[in-house]
Amino acid sequence: MSVSTSDKARSHTDGMTGLFLAALIIAAWLTVHITAIFFVNWTENGLWLAAPFVILLQCWLSVGMFIVAHDSMHGTLAPQVPALNRAIGRFCVFVYAGFSYEKLHENHHAHHRNAGTPDDPDFDPDHSSSFWPWYYKFFRHYFGWREFGILTIAVVIYLVILRERFPTMLVFWALPAILSSLQLFYFGTYRPHRIDEQPFADQHRARSNDFSPFMSLMTCFHFGYHHEHHDAPWVPWWKLPAHRRAILSSTAD
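The shown structure was predicted, so the numbers you read here are calculated from the model rather than taken from an experiment.

The rules behind each value
Residues numbered from 1 in each chain as written. Predicted model: local features only at pLDDT ≥ 70, side-chain atom pairs only at ≥ 80, totals over all residues. Heavy atoms only, no water. UniProt positions renumbered as here; feature names shortened; annotations may be inferred. Helix = DSSP H or I, 4+ residues; strand = E, 2+ residues; numbered from the N terminus. Salt bridge = Lys/Arg side-chain N within 4 Å of Asp/Glu carboxyl O. Contact = heavy atoms within 4.5 Å. Phe/Tyr/Trp six-rings, centres within 6.5 Å; stacked < 30°, edge-to-face > 60°. Buried < 20%, exposed > 50% of the residue type's maximum accessible area, 1.4 Å probe, protein only. Lys, Arg positive; Asp, Glu negative; His and termini not counted. Polar contact = N/O pair within 3.5 Å; in protein donor to acceptor, adjacent residues only side chain to side chain.

> What's the story with the UniProt feature "domain: Fatty acid desaturase" (unreviewed entry) in the chain in this structure? I'm lost.
Summarizing the sequence annotation, UniProt attributes the feature "domain: Fatty acid desaturase" (unreviewed entry) to residues 48-148 and 151-247 in the numbering used throughout. Summarising residues 48-148: 67% helix, 0% strand, and an end-to-end C-alpha distance of 29 Å. End-to-end, the C-alpha atoms of residues 151-247 are 42 Å apart, and along that stretch the chain is 64% helix and 0% strand.

> Can you walk me through the UniProt feature "transmembrane region" (unreviewed entry) in the chain in this structure?
Here, UniProt's "transmembrane region" (unreviewed entry) annotation points to residues 20-40, 46-69, 143-162 and 168-187. Secondary structure content for residues 20-40 is 95% helix and 0% strand, and the end C-alpha separation is 28 Å. Secondary structure content for residues 46-69 is 79% helix and 0% strand, while the C-alpha to C-alpha distance between its ends is 36 Å.

> Honestly, the pattern of salt bridges in this entry has me stumped. Any pointers?
Note that side chains of opposite charge can pair when their charged atoms are close. Applying the stated criterion across every chain, the model contains seven salt bridges. Between D196 and R194 there is a salt bridge, with its nearest N and O atoms 3.3 Å apart. The residue R244 makes a salt bridge to D210 at a minimum N-O spacing of 3.4 Å. Here the residue R244 occupies a position in helix α10 (residues 240-252), and D210 occupies one in the loop between α7 (166-193) and α8 (213-220), the gap between them amounting to 34 residues. Connected through salt bridges with shared partners, the residues R194, D196 and R207 form a single ionic network.

> Looking at this structure, how should I read the side chain of H193?
One can find H193 in helix α7. When sequence neighbours within four positions are dropped, the list of residues in contact with H193 reads H111, A115, F123, W134, G188, F200, H204, R205, A206, R207, H226 and H230.

> Looking at this structure, I do not really get the packing of aromatic side chains. What am I missing?
Any pair of aromatic rings gets described here by the distance separating the centres and the angle formed by the planes. This structure, assessed with the given rule, holds 26 aromatic pairs. Consider the rings of W42 and F172, whose centres lie 4.7 Å apart with planes at 25°: the pair is stacked. Remark: F172 occurs in helix α7 and W42 occurs in the loop between α1 (5-39) and α2 (51-73); sequence separation between them is 130 residues. Here W42 falls in the buried class, since its relative accessible area comes to 13%.

> Can you help me understand the side chain of D120 in this one?
Following the sequence through the fold, D120 ends up in the loop between α4 (101-113) and α5 (131-142). Despite being buried, D120 has no salt bridge partner; R205 is the closest side chain of opposite charge, sitting 7.6 Å away. A polar side-chain atom of D120 sits 3.0 Å from the main-chain amide nitrogen of G116. Other than its neighbours up to four places away in sequence, D120 contacts H111, N114 and A115.

Shown next as structure tokens:
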């Protein structure tokens, strides 16, 4: 079947939009990371009062970095240039926490094939309604010796470079990374896939957070529209609100 000129143009526009948003998120993350750790003297002029807001911003941007990599895993970030698609995904998860893109890719697609079952690497059948035990298993599954070794090397390098400023690395990189993992897990895994009194609608065994588009963006870059994501994993994160509206509108008619 041939592809119409309008479909090609729309696909090209979507690709450029996705790459622009990815570049914006990556640039913002790097700017906050470098500025907060290397250049700002947080002991001067009461700047420490702004630190909690910077931590929260970097936590949110860290979630965004992971979501960019997530779209890369589905091939929707730069579908016309697979090598660029993978390179951006690898960069995002590496600077985020030293993660292996290949391992995440394999596990995420296994999650889609076996969502909410014992074969789902992101699911905990023994604690399917308990946040902390499930999060602990989730964390241990993805944060292994490889990640520990990479981050240990990074910590030593920062320690040598920063010296007395070393605590800023812990505050503005380590802390936001940990908080963002909790945010990603809660809004993107636990809430959508936990077992509770609300049954799942279909074989995807996923439900969506009933948030406004703004709250959806703030909580998890629309990853909380999780049933829509499982039903159409080729839809990039920034198009999920419109995709969800279209589905809700069609079912209401």
